[in-house]
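Chains, contacts and geometry: an overview
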Amino acid sequence: MRRHINKVAVVGSGIMGSGIACHFANIGVEVLLLDIVPRELNEKEKSKGLTLEDKVVRNRLVNDSLAGALKSKPSPIYHKKFASRITTGNLEDDIAKVGEVDWIIEVVVERLDIKKQVFENLEKHRTPGTLITSNTSGIPIKFMSEGRSDDFQKHFCGTHFFNPARYLKLFEIIPGPKTSQDVLDFLNGYGEQFLGKTSVVAKDTPAFIGNRIGIFSIQSLFHAVKELGMTVEEVDKLTGPVIGRPKSATFRTVDVVGLDTLVHVANGISENCKEDERHELFALPDFIKTMMENQWLGSKSGQGFYKKVKGDNGKSEILTLDLDTMDYRSKKSAKFPTLELTKTMDKVIDRFSVLVGGKDKAGEFYRKSFGALFAYVSHRIPEITDELYKIDDAMKAGFGWEHGPFQIWDAVGLEKGLEFIKAEGLAAASWIDDMKAAGIDSFYSVKDGATYFYDIPKKAMEKVPGQDAFIILDNIRKSNEVFKNSGVVIEDLGDGILNVEFQSKMNTIGGDVLAGLNKAIDLAEQDFQGLVVGNQAANFSVGANIGMIFMMAVEQEYDELNMAIKYFQDTMMRMRYSSIPTIAAPHGMCLGGGCELSLHADKVVAAAETYIGLVEFGVGVIPGGGGSKEMALRAADTFQKNDVELNVLQEYFLTIGMAKVSTSAYEAFDLGILQKGKDVVVVNKDRQIASAKAYAKLMAESGYTKPPKRKDVKVLGKQALGMFLVGTDSMEAGHYISEHDKKIADKLAYVMAGGDLSEASYVTEQYLLDLEREAFLSLCTERKTLERIQHMLKTGKPLRN
C-alpha cells in the first residue's frame, strides 16, 4: 500500500525541532509540534496571575521556541503564512494526538535515557504502522529502540536533518536492527522528492557519515595549523570558496556552529571509535582546550576564533585569535601565489590540480590536508557505508562542499593522491589496490549522461542509483551540445526540448548570452518543440553585464548603448512571443536581467530557494530589459480585479523602487514576479531541469500557440505620475532618499504611468519599452549613476549617493 505523509508530529521544539517543523510546513504538511510542560511560572506569568494549569503556561516552551525560530535569520520558513500549518501542544495534554499522524519525529535532548522514556510514552498513543524516527546526531539507533514492540522497531530508524533544516540538504537515514526495508526505501524517496534533500542511507556508526568525515576534516586542520605555522586567516582563505566550500570556510564556520558543539561530536567519536586508525586526531589540541576553558565558543558567546569589537571611533572591527599567544589582534591579509594561478579558473574542479602543485605554503597545505583526507575516507568503507558516492553526497549536502573527497581525488588524479597519502606516512585502504588491479584509475565516470561509481565489492563501475528523475547538465554538455559560444551552451534534453545554459562569469547577461538565447529560440522553432533556460551553477544569474554598460556610458557611446538595451528588450520579447513554449528555471540569486528573463518566459519553474528581484536601483538605473514595462503591464492586468488602481500600481512601483528581493520562490508570488496559476515551485533543485523539460513538453504537446502581442495595457498617465512625484518629493524632503534616488524614482514613475498622458489610456508593450529604454539611457548619462556602477563593480555592494 502506498504511504502518504499528510501530518507529522515533531517532539521537541528546540532550534532543530522547530526548524524541522517549519520545513515540513514549507512543503504543505500539517505539523503537530510538542514539548514539555514548564515546571514553574516565569515573572511575566506571575504578574498576570496565571497558574501552571493555564494552557498558555503549559504551552509556553513550545510557543516561545517556535516564535523564536520564526523570527530568526535566515528564516526557516518559505513564507510567513506557512507557519499556520503548525499546531503547538505539550507532551501531557496533547500526546494522544500523535495517534492521528503519519510520522513521529523525536528531536529531544541528546541523552539516551530521556529518548527511551519519550519513546515509551509515545508508543502508548502511536497507531501501529506509523513511522517513528529520531533526529539524533550520534546516539546508536540500536539502543533507542530496545524494549519496544516489533511494530515500533519495524517502523523505527534515525532520520538526521542538518541544521538549519531548510537550507542544508543532507538527510541521513540510519536503520535500526529491525527496520523494514520498505520504510528505508520510502524515507529515501520521500526525503529526495518531497523534502528536497539528498537522502543518504548510513550505517549505525558513531556520527554516521557527514559528521564523521566533517569533524575529521576540521580536527585534522586544527592539528595541522600549528605544525605548518599558519594563521586563522590563512586557513580560512585556503578552505573557503577557492575550493568550493562556504565563505565561512573553517574557523568562521566553527564560530557559527559553536565550538562546544564541535567538541561534543569530536569527543563522542574519540570515545566510541577506539579502532579508528586516526584516533589521535580526535583529541583536542591545547588551543581548543584553552578556548573551551575560557568559554570562547564563537557567535553564541561573543567571541571565538573571531571577535567583533568597537573601536574608539565607534566603528566595528573584527579581531582574530592568534593561536600562538591566544590573544586577539587585528586581522591580517592572507595571500598566496598559488591562489593567484587559479583566478582565471571559474570551475572549482579545475583548480585542484593547480592548488596541489603549488610551491608555496598553500601548496604544502593542500597536499598535506588532501593526503590525510583521501586516506581517511578510503578506510571508512565499508565501516560507515559500502558505497563511496554516499560519502561525497554527505559532504556536499551536509557541509556545503561543492565536491566530495572522492571527486577531489579524481580531479588531482589517483596516483597523485596516493603520493600525498604516502608523504604523510599514511596508507590507503586495500580496496584502492584492487581498483588499480582492475584497470580502473578513477572513482567516477560518465556514460550516456549518467554517473557511474566504482563499486568496491563488484570491483567494477556501477550506475549511481536514483538518477532517473534528474538531468545532470555536466553529464550531457559535451555529448548533447547543439550550439556553443562564449556565453552559452545549448543542449538537447531529448523529447524535442532544448536547454540554454549560461556560461558567463556569475551567469551575467551580455551580448554573447543574448545571442545564444536568440540562437536557441531559432533552433527550437526550426527543429524542436520547446526551450528551457536553466543551469546548475550556484546562481541562475546576477543580472546584466553592468561592466559593459559602464564602459559604453563612460565612452559616451550612447547609440551603441541604445542598441544594446534594445537588443536586450527584443530578446526578452522573443522569449514571450515565439512559436515554442519557453520555460525559465531560476534558482539561487536571480537578479536584475535574470529576473527580467523569468518575467518574460511562458512559464517559470523556480527552485524553492530562489532569491529573485529587480535590483537595478542599486546601480542608479531602472530595469531596462523589459522589467519596468512588465511590472506596469502586470499592475494593469490586476486593475480588472481591484478597484483602487493607483494603489495596485504603487505596489508594483515599490517592488522596483525598493529593489525588493524575495527570500524564497513563494515570496516572489507576493511581489508579482511569479504568477499564481502559471508558475510553479520545485523543492528539490536537482529535479528542476527535468521538471522544466516536462512542462515544456506538456505545453508543446497540448498545442502551444504563439500569443498575440499586447495592445491593451492600461496606463493611468498624469493621475499616477502626479501621485508618484508627490511621494518622491516627500521622501527627499524627509531625507529618506537622496536627490539621485529621487531622479531614478521619477524616471520609473514616468515609465509605469505611461508618460504624462492627460487621461488613462490603452497602450502597446512597445510603447512602454520605448519609454523604459529612454529613461534607462538618460540615467546612464548621470555622473552619480556611473559612480554607483563603478562602486558595484569594485565591491559588489550598492552605493547610496
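What comes next concerns the included structure. Each chain has its residues counted from 1, following the order in which its sequence is written. Predicted model: local features are reported for residues with pLDDT of at least 70 only, side-chain atom pairs are reported and counted for 80 or more only, and whole-chain, interface and lining totals are derived from all residues. To obtain the side-chain values, all non-hydrogen atoms of the structure were used and water was disregarded.

Focus: the overall build of the protein
The number of helices and strands found in the protein is 33 helices and 25 strands. For 801 residues, the compact-globule estimate of 2.2 N^0.38 gives 28 Å, and the C-alpha radius of gyration of the protein, at 28 Å, lies within 12% of that figure. The principal-axis extent of the C-alpha atoms belonging to the protein is close to 80 × 70 × 65 Å. Exposure is judged per residue with a 1.4 Å probe applied to protein chains only, and the accessible area is read against the type maximum: over 50% gives exposed, under 20% gives buried, and values in between give partly exposed. In the protein, which comprises 801 residues, the share counted as buried stands at 54%. Contacts between residues were defined by any pair of non-hydrogen atoms, one from each residue, lying within 4.5 Å. Restricting the contact set of the protein to residue pairs at least 6 apart, pairs at least 24 apart contribute 69%. A 1.4 Å probe and the Shrake-Rupley method give the accessible areas. Residues count as covered only by the protein chains that appear here. Split by element, the accessible area of the protein, about 34600 Å² in all, is 51% carbon and sulfur. Here the positive residues are Lys and Arg and the negative ones are Asp and Glu; neither His nor the chain ends is included. Charge placement uses NZ in Lys and CZ in Arg. For Asp and Glu, CG and CD serve respectively. Each charge class in the protein was averaged separately, 99 positive and 109 negative side chains, and the resulting centres sit 2 Å apart. Put simply, DSSP marks the helices as runs of H or I at least four residues long and the strands as runs of E at least two long, and each gets a number from the N terminus on. Here the radius of gyration uses the C-alpha set of atoms, whereas the globule reference equals 2.2 Å times the residue count to the power 0.38.

Quick notes on helix H9 (residues 210–227)
Expected span, for any helix, means 1.5 Å times one less than how many residues it has. For H9, built from 18 residues, the straight-helix expectation of 26 Å at 1.5 Å per residue is met to within 8% by its first-to-last C-alpha distance of 26 Å. Positive backbone phi, at 65°, marks Gly229, one or two positions downstream of H9.

Points about unusual backbone geometry
Each neighbour pair has its own omega, and for Lys73 with Pro74 the value is -5°, a cis peptide bond. Examined against the element boundaries, Pro74 turns out to sit in the loop between helix H4 (60–71) and strand E3 (86–90). With an omega of 0°, the peptide bond between Asn163 and Pro164 qualifies as cis. Mapping Pro164 onto the fold places it in the loop between strand E6 (156–161) and strand E7 (170–175). The backbone phi angle of Phe208 is positive, close to 60°, even though this residue is not glycine. Secondary-structure assignment places Phe208 in the loop between strand E8 (198–201) and H9. Phe208 gets classed as buried once you look at its relative accessible area, which sits at 0%.

A few points about the pattern of salt bridges
Here, a salt bridge means any Lys or Arg side-chain nitrogen found within 4 Å of an Asp or Glu carboxyl oxygen. Scanning the entire structure with this criterion turns up 60 salt bridges. We note a salt bridge from Glu30 to Lys7, for which the minimum N-O separation is 3.9 Å. Of this pair, Glu30 sits in strand E2 (residues 30–35) while Lys7 sits in strand E1 (residues 7–11), and the two are 23 residues apart along the sequence. Overall, Glu30 belongs to the partly exposed group, its relative accessible area being 40%. We note a salt bridge from Arg576 to Glu765, for which the minimum N-O separation is 3.6 Å.

Brief notes about empty space enclosed by the protein
Here a cavity denotes a set of grid points, spaced 1 Å apart and computed over the protein atoms alone, in which a 1.4 Å probe fits but from which it cannot get out, and a pocket denotes an open set meeting protein on both sides within 12 Å along at least five of seven lines; residues with an atom within 4 Å of a point are reported as lining. Grid points are joined across faces, edges and corners, and a volume is the space filled by probe spheres set on the points. In the structure shown here, the tally under the stated rule is 1 cavity of 30 Å³ or more. Volume-wise, the largest cavity comes out at about 120 Å³. Lining the largest cavity are 13 residues; nearest its centre among them are Ser217, Leu221, Arg245, Ser369 and Leu373. Among the elements that line the lining of the largest cavity, the one with the most residues is helix H16 (residues 361–379), at 6 residues.

Details of a negative patch on the surface
Residues enter a patch when their relative accessible area is above 30% and they make no salt bridge; the linking distance is 9 Å between like charges and 5 Å between nonpolar side chains (Val, Leu, Ile, Met, Phe, Trp, Tyr). Side chains of Glu555, Glu557, Asp559 and Glu560 sit close together on the surface and give a patch of like negative charge. Position of Glu555 relative to the elements: it lies in the loop between helix H23 (546–554) and helix H24 (558–576). Residue Glu555 is classed as partly exposed on the basis of its relative accessible area of 49%.

A closer look at the environment of Ala224
For Ala224, the location among the structural elements is in helix H9. Counting along the chain gives 118 residues from Ala224 to Thr342, while the straight-line C-alpha distance between them is 23 Å.

Observations concerning the sheet that holds strand E13 (residues 450–455)
Strand order in the open sheet formed by 3 strands is E12-E13-E14, and the pairing between neighbours is antiparallel. Each of the sheet's edge strands pairs with one partner strand only, and the pair in question is strand E12 (444–447) and strand E14 (460–463). On average, each strand axis in the sheet is tilted by 40° relative to the strand beside it, whichever way the strands run. Between any two strands, pairing holds if DSSP finds at least two bridges. Pairing analysis gives 4 bridges linking E12 to E13, with the strands arranged antiparallel. Bridge pairing in E13 places Ser445 opposite Tyr452. Here the axes come from fitting lines to C-alpha atoms, over the contacting stretch only for helices, and the angles between their N-to-C directions go from 0 to 180 degrees.

Concerning the environment of Asp393
Relative to the helices and strands, Asp393 resides in helix H17 (residues 388–399). The spatial distance from the C-alpha of Asp393 to the C-alpha of Gly404 is 6.8 Å, given a sequence separation of 11 residues. Apart from the residues lying within four places of it in its own chain, the contact partners of Asp393 are Thr198 and Val200.

Focus: the nonpolar core
Within soluble globular proteins, side chains that are nonpolar tend to cluster in buried spots. The biggest cluster of nonpolar side chains holds 117 residues, and the ones touching the most others in it are Phe24, Trp103 and Leu517. To define a nonpolar core, start from buried Ala, Val, Leu, Ile, Met, Phe, Trp, Tyr and Cys residues and group those joined through side-chain atoms within 4.5 Å. Membership of the second largest hydrophobic core comes to 110 residues, among which are Leu32, Met291, Leu388 and Ile440.

Section: the pairing of E14
In the sheet, E13 pairs with E14 via 4 bridges, with the strands oriented antiparallel. Note that in E14 the partner of Asp455 across the bridge is Ala460. Counting the residues between successive antiparallel strands, the hairpin from E13 to E14 contains 4 residues, one of them, Lys459, with a positive phi of roughly 55°.

Considerations on the packing of helix H27 (residues 645–657) against helix H30 (residues 718–733)
Helix-helix packing: each pair is described by the crossing angle between the helix axes and the interaxial distance. Axis separation between H27 and H30 bottoms out at 11 Å; the angle between their running directions is 55°. As judged from the angle between their axes, H27 and H30 are oblique. Crossing hand, H27 versus H30: right-handed. Along the contact surface, H27 presents Leu646, Leu649, Gln650 and Phe653, while H30 presents Gln719, Ala720, Met723 and Phe724. Throughout this entry, Asp, Glu, Lys and Arg are counted as charged residues, while Ala, Val, Leu, Ile, Met, Phe, Trp, Tyr, Cys and Pro are counted as nonpolar. The remaining residues, Gly among them, count as polar. Tallied by class, residues from the contact of H27 with H30 come to 6 nonpolar, 2 polar and no charged. Working definition: roughly parallel below 35 degrees, roughly antiparallel above 145 degrees, roughly perpendicular at 65 to 115 degrees, and oblique for all remaining angles. Should the near helix be turned counterclockwise from the far one by less than a right angle, the crossing is left-handed, whereas a clockwise turn marks it as right-handed.

A short note on the sheet that holds E6
Across the sheet, which stays open at both edges, the 8 strands sit in the order E3-E2-E1-E4-E5-E6-E7-E8 with mixed pairing between neighbours. Unpaired on one side and paired on the other, E3 and E8 mark the two borders of the sheet. Recorded for the sheet is a direction-independent mean angle of 25° between the axes of neighbouring strands. With 5 bridges connecting them, E6 and E7 associate as antiparallel partners.

Some words on the packing of helix H25 (residues 593–600) against helix H26 (residues 627–639)
The contact between H25 and H26 brings their axes to 9 Å, and the two run at 45°. The angle between H25 and H26 falls in the class oblique. Considering only the axes of H25 and H26, their crossing is left-handed. Residues Glu596, Leu599 and His600 of H25 form the contact with H26, whose own contacting residues are Gly627, Lys629, Glu630 and Arg634. Class assignment of the residues belonging to the contact of H25 with H26 gives a composition of 1 nonpolar, 2 polar and 4 charged.

Considering the side chain of Ser628
Topologically, Ser628 is positioned in helix H26. You can call Ser628 buried: its relative accessible area is 0%. Here a polar contact is taken to be a pair of N or O atoms separated by no more than 3.5 Å, where protein atoms must pair a possible hydrogen donor with a possible acceptor and residues adjacent in sequence count only if both atoms sit in side chains. At 2.8 Å, the side chain of Ser628 and the backbone oxygen of Pro623 are in polar contact. Apart from residues lying up to four places away in sequence, Ser628 is in contact with Ile622, Pro623, Ile656, Leu748, Val751, Met752 and Glu772.

A closer look at the pairing of E2
With 5 of 6 residues buried, E2 lies mostly within the body of the structure. In the sheet, E1 pairs with E2 via 5 bridges, with the strands oriented parallel. From the neighbouring strand, Ala9 faces E2, where its bridge partner is Leu32. You can see the chain leave E1, run along helix H1 (residues 15–26) and come back into E2, and the turn it takes is right-handed. Seen with its strands pointing away from the viewer, a crossover is right-handed if its path from the first strand over the helix to the second goes clockwise.

Considering helix H31 (residues 739–752)
Side chains that are three or four residues apart share a direction in an α-helix, a result of its 3.6 residues per turn. Between the first and last C-alpha of H31 there are 20 Å, a value that for 14 residues agrees with the 20 Å anticipated at 1.5 Å per step. Of all 14 residues in H31, 10 are buried; the element is thus mostly enclosed. Taken as a whole, H31 has its buried residues at His740, Asp741, Lys742, Ile744, Ala745, Asp746, Leu748, Ala749, Val751 and Met752. Looking at the packing, one finds that the buried side of H31 touches H26, H27, H30, helix H32 (765–780) and helix H33 (783–795). Just beyond H31, the residue with positive phi is Gly754, at close to 85°.

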